[in-house]
Amino acid sequence: MRTITLADGQTINVECLSCAIVGGLVIPEGGVLIETDYFHAHQDVAYPITGQVIVASKRHIKCLDELTEEEAHDYILLIRKIRKAQREVLGIEHVYYFYNEDTTHHFHIWMVPRYEWMTQFGRSVESLRPALLHARTNMNSIEETNQIINSINKLREALLE
Ligand SMILES: [Zn+2]
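As the structure is a prediction and not an experimental result, all values here were calculated from the model. (Residues numbered from 1 in each chain as written. Predicted model: local features only at pLDDT ≥ 70, side-chain atom pairs only at ≥ 80, totals over all residues. Heavy atoms only, no water.)

K.L.:
What should I look at first to understand the packing of aromatic side chains in this one?
P.N.:
Each aromatic ring pair is characterised by the separation of its centres together with the angle its planes make. Taken as a whole, this structure holds five aromatic pairs when the rule is applied. With 6.3 Å between their ring centres and 55 degrees between their planes, phenylalanine 39 and phenylalanine 107 make a pair best called tilted. Of this pair, phenylalanine 39 sits in strand β4 (residues 39-43) while phenylalanine 107 sits in the loop between β6 (95-98) and β7 (108-113), and the two are 68 residues apart along the sequence. Here phenylalanine 39 and phenylalanine 107 have matching classes, each one buried. Aromatic pair tyrosine 75 and phenylalanine 107: ring centres 5.2 Å apart, planes at 70 degrees, arrangement edge-to-face. Here tyrosine 75, found in helix α2 (residues 69-90), pairs with phenylalanine 107, found in the loop between β6 and β7; they are 32 residues apart in sequence, far enough to count as distant. One aromatic cluster is present, built from ring pairs that chain together Phe39, Tyr75, Tyr99 and Phe107. (Phe/Tyr/Trp six-rings, centres within 6.5 Å; stacked < 30°, edge-to-face > 60°. Helix = DSSP H or I, 4+ residues; strand = E, 2+ residues; numbered from the N terminus. Buried < 20%, exposed > 50% of the residue type's maximum accessible area, 1.4 Å probe, protein only.)

K.L.:
Sorry if this is basic, but what is going on with the nonpolar core here?
P.N.:
The nonpolar side chains of a soluble globular protein tend to be buried, and buried together. Judged by nonpolar contacts, the single largest core of 23 residues is most densely connected at Leu33, Val53, Val55 and Ile82. Contributing elements (two or more residues each) for this core: β3 (32-35), β4, β5 (53-57), α2, β7 and α4 (142-160). In this structure, valine 55 is in contact with Phe39, His40, Ala41, Leu78, Ile82, Phe107, His108, Ile109 and Met111, ignoring residues within four places of it in sequence. Residues Ile49, Val112, Leu128 and Leu132 belong to the second largest nonpolar core, which totals eleven residues. (Core = buried A, V, L, I, M, F, W, Y, C linked by side-chain atoms within 4.5 Å. Contact = heavy atoms within 4.5 Å.)

K.L.:
Explain the coordination of the zinc ion to me, please; I cannot follow it from the model alone.
P.N.:
Between any two of four tetrahedral donors, the ideal angle at the metal is 109.5 degrees; between two of six octahedral donors, it is 90 or 180 degrees. For the zinc ion, the full set of protein donor atoms is Cys16 (SG), Cys19 (SG), His60 (ND1) and His106 (ND1), at a range of 2.0 to 2.3 Å. The site at the zinc ion holds four donor atoms, and with the angles between them running 105 to 118 degrees, its shape is tetrahedral. Written as a sequence motif, the donor residues of the zinc ion are C-x2-C-x40-H-x45-H. Remark: histidine 106 occurs in the loop between β6 and β7 and histidine 60 occurs in the loop between β5 and α2; sequence separation between them is 46 residues. Here histidine 106 falls in the buried class, since its relative accessible area comes to 0%. (Donors = N, O, S within 2.8 Å, 3.2 Å for Na, K, Ca; no water. Tetrahedral: all angles 85-135°; square planar, octahedral: opposite > 155°, others 65-115°.)

K.L.:
Just to check I follow, could you spell out α4 for this structure?
P.N.:
The terminal C-alpha atoms of α4 lie 27 Å apart, and with 19 residues this matches the ideal 27 Å at 1.5 Å per residue to within 8%. The complete set of buried residues in α4 reads Ile148, Ser151, Ile152, Leu155, Ala158 and Leu159. Burial along α4 is one-sided: seen end-on, the buried residues are contained in an arc of 130 degrees. Away from the buried face of α4 by more than 90 degrees, exposed residues Ile142, Glu143, Glu157 and Leu160 are located. (Expected span 1.5 Å × (residues − 1). Arc of directions from axis to C-beta.)

Structure (C-alpha cells):
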C-alpha cells in the first residue's frame with residue numbers, strides 16, 4: 001500500500017496509483033482527456049507543462065510485451081491521435097516520450113512537449129527531470145495553471161472529433 005496525497009490535500013491509500021486513476025478512484029486535476037477500451041489519458045498537473053499527457057493502460061501490467069494485440073493496436077492509434085491534437089491545437093512541434101517498465105505504478109507513458117526553455121537543461125533524456133522540476137517550482141502561478149487548464153480543455157475538445 002502507498003499513501004497518495006491528492007491535489008486537494010486529501011490522502012488515500014492505494015496499491016497502484018495508475019489503477020486508482022483509470023478506475024476513477026482518483027480524478028486527475030483537469031479530468032480525463034480521452035478514454036478507449038484499453039487506455040486512459042490525462043494531463044499530470046503535478047508538473048505544469050502545457051500539453052503534457054500521460055497515457056495509462058487500464059490493465060495492471062508493466063511491460064510492453066504484456067500488451068495484447070488489441071491493446072497494442074489501440075495504444076499506437078491513441079498516441080498518434082493525441083500527438084496530432086497537440087500539434088493542431090497547441091502548436092507543439094516535438095514531443096519526448098518517456099516510459100519505464102520498473103514503475104511503482106503500472107504501464108503508462110509520458111508525452112512531454114518540448115519547449116524552447118527546456119534546452120537550458122540539455123537536448124536529450126538528461127534534460128527531462130530538471131525540466132519537469134523547473135516547471136513545478138517556477139511555473140506554477142495562477143495564470144500558468146489557468147493556461148494549463150485551458151490547454152486541457154482544448155485538447156479534450158480536439159480529441160472528441
Ligand atoms: Zn495498476
